[in-house]
Amino acid sequence: MAKTATSFACTSCGQASFRWMGRCPGCGEWNTLVEQAARPLADGRPARRDGRATGRRPSRPAEARKPVVLAEVDSGEVARLRTGSDELDRVLGGGLVPGSVVLIGGSPGIGKSTLMSAALASIQAGGGRALYVSGEESAAQVRLRADRLGPHALAVPVLAETSLEVVLASLAHERPQACVIDSVQTLWSSDLTGAPGSVGQVQEVAGALERFAREHGCAMILVGHVTKEGTLAGPRVLEHAVDCVLQFEGERERSFRTLRALKNRFGSTNEIGVFEMRAGGLDEVADPSDRFLRDAEPVAGSCVLCAMEGTRPLLVEVQALVAPTDVVPPRRVPNGIDRNRLSMILAVLARHGAPALGSADVFVNVAGGVRIEEPGADLAIAMAVASAARNEPLTAGGSPSGCFGEIGLTGELRYVAHADRRLEEASRFGLEQIVLPARCADDELSPAGRDLAVPVPTLAKALDAALGGRAGRSRAA
Ligand SMILES: Nc1ncnc2c1ncn2[C@@H]1O[C@H](COP(=O)(O)OP(=O)(O)OP(=O)(O)O)[C@@H](O)[C@H]1O
Ligand SMILES: [Mg+2]
């Protein structure tokens, strides 16, 4: 078969070139030329190798079309494909949308293939047609995993293949309703000379699979690798082209995994799904607060955070350790929270009431290996650090005391949403005191929530309330 001509285009300025060069002759950027296949133009004329139009005028002027008012467009209510996992469905916004493309990324061995095998198994068991394309593992290896997951997983057809053309032909033949490509980096197109996983190949593979998904209404799930920095490997354009980007994360040594959407055209990106890796596959954790709080003790340096993850309240334990050090500058080690956020909170703490931490290492950890991104976590981090620095537990009536609220740079506590749902979850777990921003108390709170709530306007007042007015005095002082 004759090879399609390929050209190279600069990802920065669009300059086209016949051969690969280390430096773009157009903009001077290094390493930005990416191989791409030259496709024939829509009217059948071959494309020029440099990717530009051939200069001839089109033979026939195109016909104008009339735009339609949105209210008159038939949205054709699409039924979503349920994946059999409530956690995964919630993150997807209610299930897989036919004809959509989902990209799921995660560190090696985190359980991407396991999660996807289980989802396909459930779709197949529910009468749908599923296909698992494995470019990484042989069919025998995929079967070993399926053995672990149970009889439904064994019913899923698998194709161990790395050639894009063969995969597309098989897809056209099988016409699956849901297809997993594990992984998008291992497939390669013979139209390009680049190695599998190179930017050009990944773009080409994803583009072809996306076209198939859109044309045939197949829900396509692309599994992607992540780089050492934790971002999805391959071009960022991949993230723009797909409908939904999911990130599967957690610490490999621990069994909890969280799934969150970084982008979702058909649902919210605030939802998280919590799973636990077991011998029989990934189990859903329907009540994550229970799992994350199980080991929480009212000791110094521990604070319960009433967080919201999407529509769901989640109680997690924030732990801090403050240790004297001679290292200059002292270390600030956040785990599960953003480093800049921690620096900001320590600065505000230093200004508004906590003991000086200039010669102490500060470690902050969100127990259970979860990552918390919402600003409502600020107060819990500040409280845990202040409690650790003072060596005083944050307790109320013998049970751990909790809090939530965003901290402003001037030390004020700022409003965060859903105070009632956070308080409800706290009362369900028998917490007896929740410190929260004063403005949150203006919300409509349930009587049970009101009993727990300790509304305070500033960080200094919050420390007073939780540490009984001892916060201002350092142990060292
Ligand atoms: N018998 C078992 N009991 C508990 N956990 C297991 C068992 N077998 C495998 N695992 C877990 O499953 C993980 C591998 O899952 P999986 O192959 O789905 O990961 P992955 O994200 O697809 O990895 P890769 O990036 O290599 O493709 C292992 O790291 C391990 O934690
Ligand atoms: Mg895998």
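Preceding block: the structure.
A few points on the structure. (Residues numbered from 1 in each chain as written. Chains lettered and ligands numbered in written order. Predicted model: local features only at pLDDT ≥ 70, side-chain atom pairs only at ≥ 80, totals over all residues. Heavy atoms only, no water.)

**Quick notes on helix H10 (residues 378-390)**
Here H10 is 13 residues long and its end C-alpha atoms lie 18 Å apart, about the 18 Å a rise of 1.5 Å per residue gives. Taking burial as the measure, the 13 residues of H10 include 13 buried ones, the bulk of the element. Phi turns positive, to about 55°, at Asn391, one or two residues after H10. (Helix = DSSP H or I, 4+ residues; strand = E, 2+ residues; numbered from the N terminus. Expected span 1.5 Å × (residues − 1). Buried < 20%, exposed > 50% of the residue type's maximum accessible area, 1.4 Å probe, protein only.)

**Describing the sheet that holds strand E12 (residues 281-284)**
Taking strand neighbours across the sheet as the criterion, the nine strands line up as E6-E5-E7-E8-E4-E9-E10-E11-E12 in an open arrangement whose pairing is mixed. Strands with a single pairing partner mark the edges of an open sheet, and in this sheet they are strand E6 (158-160) and E12. Between one strand axis and the next, the sheet turns through 25° on average, direction left out of account. As judged from the five bridges shared by strand E4 (residues 101-106) and strand E9 (residues 244-249), these two strands associate in the parallel manner. Counterpart to Ile104 in the pairing with E9 is Leu246. (Pairing = 2+ DSSP bridges. Axes fitted to C-alpha atoms, helices over the stretch in contact; angles between N-to-C directions.)

**A few points about a nonpolar patch on the surface**
A cluster of nonpolar side chains, namely Val68, Leu70 and Val73, defines an oily patch on the protein surface of about 320 Å² accessible area. Here Leu70 is to be found in the loop between strand E3 (33-37) and helix H1 (86-92). Overall, the relative accessible area of 72% leaves Leu70 in the exposed class. (Patch = residues over 30% accessible without salt bridge, like charges linked within 9 Å, V, L, I, M, F, W, Y side chains within 5 Å. Areas by Shrake-Rupley, 256 points an atom, 1.4 Å probe, with all protein chains shown as cover. Salt bridge = Lys/Arg side-chain N within 4 Å of Asp/Glu carboxyl O.)

**Regarding the sheet that holds strand E16 (residues 360-366)**
Ordered in space as E15-E16-E14-E13-E19-E22-E23, the seven strands form an open sheet in which the pairing is mixed. What marks the edges here is a single partner per strand, and that holds for strand E15 (332-335) and strand E23 (453-456). Here strand E22 (residues 434-437) runs beside E23; their pairing, made up of four bridges, is parallel. Residue pairing across strands places Val435 opposite Val454, the latter belonging to E23. The strands touched by helix H13 (residues 459-467) within the sheet are E22 and E23, with E23 carrying the most contacts at an inclination of about 150°. (Contact = heavy atoms within 4.5 Å.)

**As for the site of ligand 1**
In the vicinity of ligand 1 there are 14 residues, among which Gly109, Lys112, Ser113, Thr114 and Arg145 approach most closely. Residue Gly111 places a main-chain N or O atom 3.0 Å away from an oxygen atom belonging to ligand 1. One of the side-chain N or O atoms of Arg145 is found 2.9 Å from an oxygen atom in ligand 1. Look at ligand 1: alone it shows 660 Å² of surface, and the protein chains cover 64% of it. At the level of secondary structure, the elements contributing two or more residues to the shell around ligand 1 comprise helix H2 (112-125), helix H3 (139-149) and strand E11 (272-278). When residues in the shell around ligand 1 are grouped by element, the largest group, three residues, is from H2. Class assignment of the residues belonging to the shell around ligand 1 gives a composition of four nonpolar, four polar and six charged. (Near = heavy atom within 4 Å. Polar contact = N/O pair within 3.5 Å; in protein donor to acceptor, adjacent residues only side chain to side chain. Nonpolar A, V, L, I, M, F, W, Y, C, P; charged D, E, K, R; others polar.)

**Brief notes about helix H6 (residues 199-216)**
Compared with an ideal rise of 1.5 Å per residue, which puts 18 residues at 26 Å, H6 spans 26 Å between its outermost C-alpha atoms and is within 8% of the ideal. Every buried residue belonging to H6 is among Gly200, Gln201, Val202, Glu204, Val205, Ala206, Gly207, Ala208, Leu209, Glu210, Phe212 and Ala213, and all of these are buried.

**Some points on the side chain of Gln201**
Looking at where Gln201 falls in the secondary structure, it is placed in helix H6. Apart from the residues within four sequence positions on either side, Gln201 is in contact with Trp188, Ser189, Leu192, Gly194, Ala195 and Pro196.

**Some thoughts on empty space enclosed by the protein**
Counted under the stated rule, the structure contains two cavities of 30 Å³ or more. Of the volumes computed, that of the largest cavity is approximately 50 Å³. Arg80, Leu92, Gly95, Leu96, Val97, Ser100, Val102, Asp243, Cys244, Asn264 and Phe266 together form the lining of the largest cavity. Counted by class, the lining of the largest cavity contains six nonpolar, three polar and two charged residues. Around the second largest cavity, the lining residues are Thr83, Leu88, Leu92, Leu96, Met116, Ala119, Ile221 and Leu246. Those elements that provide at least two residues to the lining of the second largest cavity are H1 and H2. Class assignment of the residues belonging to the lining of the second largest cavity gives a composition of seven nonpolar, one polar and no charged. (1 Å grid on protein atoms, 1.4 Å probe; cavity = no way out; pocket = protein on both sides within 12 Å on 5 of 7 lines; lining within 4 Å. Points joined across faces, edges and corners; volume = space filled by probe spheres on them.)

**Description of unusual backbone geometry**
With the exception of glycine, the majority of residues adopt a negative phi angle, and the majority of peptide bonds are in the trans configuration. For the bond running from Asp182 to Ser183, omega is 0°, close enough to zero to count as cis. By the secondary structure assignment, Ser183 is in the loop between strand E7 (178-182) and H6. Positioned with a positive phi, Asn31 is a non-glycine residue whose angle comes to about 60°. Positioned with a positive phi, Arg175 is a non-glycine residue whose angle comes to about 45°.

**So, the packing of aromatic side chains**
The final tally for this structure, using the stated rule, is one aromatic pair. Between the aromatic rings of Phe248 and Phe275, the centroid separation amounts to 6.0 Å while the plane-to-plane angle is 85°, which identifies the pairing as edge-to-face. Linking Phe248 in strand E9 with Phe275 in strand E11, this pair joins segments that are 27 residues apart in sequence. For the pair shown, Phe248 and Phe275 are each scored as buried. Positioned above the aromatic ring of Phe404 is the side chain of Arg422, whose terminal nitrogen or guanidinium carbon lies 5.0 Å from the ring centre. (Phe/Tyr/Trp six-rings, centres within 6.5 Å; stacked < 30°, edge-to-face > 60°. Lys NZ or Arg CZ within 6 Å of the ring centre and 35° of its normal.)

**So, the packing of helix H5 (residues 164-174) against H6**
Closest axis-to-axis distance for the H5/H6 pair is 11 Å, and the angle between their directions is 10°. On the basis of the axis angle, H5 is roughly parallel to H6. Across from Leu164, Val167, Leu168, Leu171 and Ala172 in H5, the residues of H6 making contact are Glu204, Val205, Ala208, Leu209 and Phe212. Its residues assigned to classes, the contact of H5 with H6 shows nine nonpolar, no polar and one charged. (Parallel < 35°, antiparallel > 145°, perpendicular 65-115°, else oblique.)

**Topic: the nonpolar core**
Formed by 67 residues in total, the largest nonpolar core has its most connected members in Leu305, Val364, Leu379, Met383, Val385 and Phe404. In terms of residue count, H10 provides more of this core than any other element does, ten residues in total. Membership of the second largest hydrophobic core comes to 32 residues, among which are Ala119, Leu120, Val223 and Cys244. (Core = buried A, V, L, I, M, F, W, Y, C linked by side-chain atoms within 4.5 Å.)

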